[in-house]
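Survey of secondary and tertiary structure
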Amino acid sequence: MNHTAIDTIIKSSNINLRNIAAKIIEGVRITDADALWLYENGEISSLGVLANYVREKKNGQYTYFNRNFHIEPTNICVFACKFCAYSREYKKREDGWELDIEQMVNRVKEYDGKAITEVHIVGGVHPKMDVHFFAQLLKRIKDHRPDLHIKAFTSVELDYMFRKGKMSIKEGLQYLKENGLDSIPGGGAEIFDEKVRLEIAGDKCDSNRWLEIHETAHQFGIRSNATMLYGHIETYSHRVDHMRRLRDLQDRTQGFQTFIPLKFRNGDNDMSYVPEVNLIEDLKTYAIGRIYLDNFGHVKAYWPMIGRSTAQLTQSFGVDDLDGTIDDSTKIYSMAGSEEQVPVLSTDQLVDLIKDSGRIPIERDTLYNTVKVYDESLV
Ligand code: V47
Ligand code: SF4
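Residues numbered from 1 in each chain as written. Chains lettered and ligands numbered in written order. Predicted model: local features only at pLDDT ≥ 70, side-chain atom pairs only at ≥ 80, totals over all residues. Heavy atoms only, no water.

**Observations concerning the nonpolar core**
Counting residues in hydrophobic clusters, the biggest one holds 74 residues, and the most contacted among them are I24, L38, L50, F83, W210 and L246. The greatest single-element share of this core, amounting to six residues, is contributed by helix α12 (residues 279–292). Two domains each put at least three residues into this core: domain 1 (3–57) and domain 2 (61–378). Within the second largest apolar cluster, 34 residues are counted, among which are I71, M104, F133 and I169. (Core = buried A, V, L, I, M, F, W, Y, C linked by side-chain atoms within 4.5 Å. Buried < 20%, exposed > 50% of the residue type's maximum accessible area, 1.4 Å probe, protein only. Helix = DSSP H or I, 4+ residues; strand = E, 2+ residues; numbered from the N terminus. Domains from an automatic or database assignment.)

See below:
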């Protein structure tokens, strides 16, 4: 690893920056106050150097990706998050979509014979799709393709289906696991601060419940991801508070795989009046996430949302994983004004995008086992 850049920061005339850099080099966790200082005062090139130091210490020159596809069972939703451009009310369901099990299994069959390792299933919270419906869906997918890893349902969806099915979190997760659930995606976290959450996401699954579902999942050996929706009405302190709750949980379980900052996009939703943050703010958020979450193995950028050029750049600001490989068919972002209206990238294109950033692409499975290293020098 090239230490020259961080050595320069260690000699910086700014005592706060010097102290934070020293902690990072010594592997000492930074405090909430440090993270806040970096948000408020950290200049972008120093943040890049510090985040890249942590990134390379953890993941070297590797950038991971996996081959997955999405199924979105429905966009009908009982909730009305203000940032959401995707959901439709049940009473206006003719404007949305509702897939039945057969349609979703057929979607899986479209990938027969293709080297896909994961299906990511998330959608709106439909009042009529219950825990038994989803258990049956999982079972049908596993029966058809046992090797496919099923990453499914945000805590928001799980919370609703367990409550409706009168199941505890443990009972619900056990039931879904028996039917084929392998891991849980990171969505629905938004921002944990209760006041901001209430304002933007109403009465959906609260922060403690989101964390409790992930903690229980980890106790069952179900790994999960964690997102943070940033760049709307939250403050820097709210972002630090969000990450602190994740870091604390991770200390207890080690069950999170990756942290995924999600940039708020303001297209066609009830928060369209909130301007989107700029690139510097994006890079800052990735970098501070990488520095602060010292117990997370990976930081992921979801390229359809931020665009492929920014995704390339994030790899110098802590990111070691790019999601959204091939045929990315999710609508949650394209409906809110994502950078990539047709977010399709072939594996070869993604590999080139990573190589062009000077990193070594690694195809991984959901649990970060190596499927293939794309480095000619290792062949
Ligand atoms: O929870 C919704 C976000 C999330 C908007 O775990 C928006 O591997 C920005 O969580 N602007 C769902 N964000 C997507 C998600 C995800 C994506 C990729 C990978 C993984 C993973 C998880 O999308 C929601 C919400 O936070 N979202 N609307 C919007 N207007
Ligand atoms: Fe429903 Fe999820 Fe959209 Fe909120 S973000 S309205 S829970 S689909």
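Alright, that's what it looks like, and here's the rest.
**Focus on the site of ligand 1**
Close contacts around ligand 1 come from 24 residues, with F83, K151, G186, G188 and E190 the closest. In the model, an oxygen atom of ligand 1 is placed 3.0 Å from a nitrogen or oxygen of the N225 side chain. Within the backbone of R265, one N or O atom sits 2.9 Å away from a nitrogen atom of ligand 1. Burial of ligand 1 by the surrounding chains reaches 96%, relative to a free accessible area of 620 Å². Residue assignment for the shell around ligand 1 shows that the elements contributing at least two residues are β6 (223–230), β7 (256–263) and β8 (298–302). (Near = heavy atom within 4 Å. Polar contact = N/O pair within 3.5 Å; in protein donor to acceptor, adjacent residues only side chain to side chain. Areas by Shrake-Rupley, 256 points an atom, 1.4 Å probe, with all protein chains shown as cover.)

**Some details on the domain arrangement of the protein chain**
Under the domain assignment, the protein chain is made up of domain 1 (3–57) and domain 2 (61–378). Each of domain 1 and domain 2 has a C-alpha centre, and the two are 29 Å apart. The partner domain 2 presents 30 residues to the 20 residues of domain 1 that form the contact. Between domain 1 and domain 2, a total of about 2,100 Å² is buried, with carbon and sulfur atoms accounting for 63% of that surface. Contact with domain 2 buries surface across domain 1, with R29, Y39 and R55 losing the most and accounting together for 42% of the total. Taken together, the connections running from domain 1 to domain 2 amount to four salt bridges. Here E56 and R359 are joined by a salt bridge, their closest N and O atoms 2.8 Å apart. Where domain 1 touches domain 2, the interface holds 13 residue pairs in polar contact (both at pLDDT 80 or more). The greatest single-element share of the side of domain 1 that touches domain 2, amounting to nine residues, is contributed by helix α4 (residues 44–59). Across the side of domain 1 that touches domain 2, the residue classes break down as eleven nonpolar, four polar and five charged. (Contact = heavy atoms within 4.5 Å. Buried area = accessible area lost by both parts, 1.4 Å probe. Salt bridge = Lys/Arg side-chain N within 4 Å of Asp/Glu carboxyl O. Nonpolar A, V, L, I, M, F, W, Y, C, P; charged D, E, K, R; others polar.)

**What about the site of ligand 2?**
Taken together, the neighbourhood of ligand 2 is formed by C77, F79, C81, F83, C84, Y86, S87, G124 and K204. For the shell around ligand 2, the residue count by class is six nonpolar, two polar and one charged.

**A word on the packing of aromatic side chains**
Throughout the structure, instances matching the rule amount to twelve aromatic pairs. The interplanar angle of 20 degrees and the centroid separation of 6.3 Å between the aromatic rings of W210 and F256 together place this pair among those described as stacked. On the criterion of sequence distance, the pair formed by W210 in helix α10 (residues 207–219) and F256 in strand β7 is long-range, its members being 46 residues apart. A network of ring pairs unites the aromatic residues F192, W210, F256, F259 and F296 as a single cluster. The lysine or arginine in question, R247, covers the ring of Y292, its NZ or CZ lying 3.8 Å from the ring centre. (Phe/Tyr/Trp six-rings, centres within 6.5 Å; stacked < 30°, edge-to-face > 60°. Lys NZ or Arg CZ within 6 Å of the ring centre and 35° of its normal.)

**Quick notes on helix α3 (residues 32–41)**
When we look at burial in α3, the residues that qualify are D34, A35, W37, L38 and Y39. Buried residues along α3 sit against α2 (15–26), α4, β6, α11 (236–253) and α12.

**So, unusual backbone geometry**
Trans is the prevailing form of peptide bonds, just as negative phi is the prevailing case for residues other than glycine. For K166, which is not glycine, the phi torsion reads 55 degrees and is therefore positive. Mapped onto the secondary structure, K166 falls in the loop between α7 (155–164) and α8 (169–178). Even without being glycine, Q254 reaches a positive phi, approximately 60 degrees. Note that Q254 resides in the loop between α11 and β7. Here Q254 falls in the partly exposed class, since its relative accessible area comes to 45%.

**Considerations on the pairing of strand β10 (residues 360–364)**
Taken across its five residues, β10 has four buried, putting it largely inside the fold. Across four bridges, strand β1 (residues 62–65) lies against β10 in parallel orientation. Across the sheet, the residue bridging to F65 is E363, located in β10. Two elements, β10 and strand β11 (residues 370–373), share three bridges in a ladder whose sense is antiparallel. From the neighbouring strand, I362 faces β11, where its bridge partner is V373. Hairpin connection between β10 and β11: a loop of five residues separates the two successive antiparallel strands, and Y368 in this loop has a positive phi of roughly 65 degrees. (Pairing = 2+ DSSP bridges.)

**Digging into the packing of α4 against α12**
For any two helices packed against each other, the geometry comes down to the angle between their axes and how far apart the axes lie. Between α4 and α12, the shortest axis-to-axis distance is 9 Å and the interhelical angle comes to 40 degrees. Comparing the axis directions of α4 and α12 gives the class oblique. Judged by the twist between their axes, the crossing of α4 over α12 is left-handed. In this structure, α4 uses I44, L47, L50, A51, V54, R55 and K58 to contact α12, whose residues at the interface are I280, L283, K284, A287, I288, R290 and I291. Along the lines of polarity and charge, the residues of the contact of α4 with α12 split into ten nonpolar, no polar and four charged. (Axes fitted to C-alpha atoms, helices over the stretch in contact; angles between N-to-C directions. Parallel < 35°, antiparallel > 145°, perpendicular 65-115°, else oblique. Left-handed = near helix turned anticlockwise from the far one by under 90°.)

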